[in-house]
Amino acid sequence: MPTKSISTIAGTIAEECIAVRMRILNRAVTRIYDDALRPLGLRVTQMNILVAAGKMGIAHPAPMCRNLRLDGSTLSRNVERMKSKGWLETVSTADGRAQPFQLTRQGKDLLRSAQTPWRRAQKRARALLGDGFIEVLERTVERVRRDAEG
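Residues numbered from 1 in each chain as written. Predicted model: local features only at pLDDT ≥ 70, side-chain atom pairs only at ≥ 80, totals over all residues. Heavy atoms only, no water.

Moving on, we get to the confidence of the model for the chain. The share of residues in the chain with pLDDT of 70 or more is 96%, and the mean pLDDT across the chain is 92. Least confident of the elements in the chain is helix 7 (residues 131–149), whose mean pLDDT is 88; most confident is helix 6 (residues 105–129), at 97. (pLDDT = per-residue confidence, 0-100. Helix = DSSP H or I, 4+ residues; strand = E, 2+ residues; numbered from the N terminus.)

Bringing the side chain of Asn 78 into the picture now. Along the chain, Asn 78 falls in helix 5 (residues 72–84). Within the structure, the side chain of Asn 78 is placed 3.0 Å from the backbone oxygen of Thr 74, a separation counted as a polar contact. Excluding its chain neighbours within four sequence positions, the residues that come into contact with Asn 78 are Gln 46 and Ile 49. (Polar contact = N/O pair within 3.5 Å; in protein donor to acceptor, adjacent residues only side chain to side chain. Contact = heavy atoms within 4.5 Å.)

Leu 42, Ile 49, Leu 50, Met 64, Leu 88 and Phe 101 are the most contacted members of the largest nonpolar core, which totals 28 residues. Elements represented by at least two residues in this core include exactly helix 2 (18–37), helix 3 (44–56), helix 4 (61–68), helix 5, strand 2 (101–103) and helix 6. Top element by residues in this core is helix 3. It accounts for six residues. (Core = buried A, V, L, I, M, F, W, Y, C linked by side-chain atoms within 4.5 Å. Buried < 20%, exposed > 50% of the residue type's maximum accessible area, 1.4 Å probe, protein only.)

What follows is the structure, encoded as structure tokens:
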């Protein structure tokens, strides 16, 4: 049986791979949000952490990693950067191993300031992807969340 050329294999993967397509979409959408948030010195990845911390009140790393689908080192690296900017602060607990954190006053103010540029980015992303895609995305994310719970 003849073997396929590397060019043919690469072409098939490039044309059919779901992960490749998702990464292209991710980079395009991330760019929209990062461009909108840049005047605030904020990236969408950091905003996700601010939002999650705002919802949680006191954010514990393990549940946040599960909720945001982040590995611990990625969360830790981002949290440290955000602490150095004054957006987050560590919360003291009896358990010295855990490093829960919360929004600072500056972090809350930043999140408030991010609302308007976020809405503009949301509108641009929705226009790029289309309402049908957004509906499928919402159902798919919900399915991923249910599957992760178990």
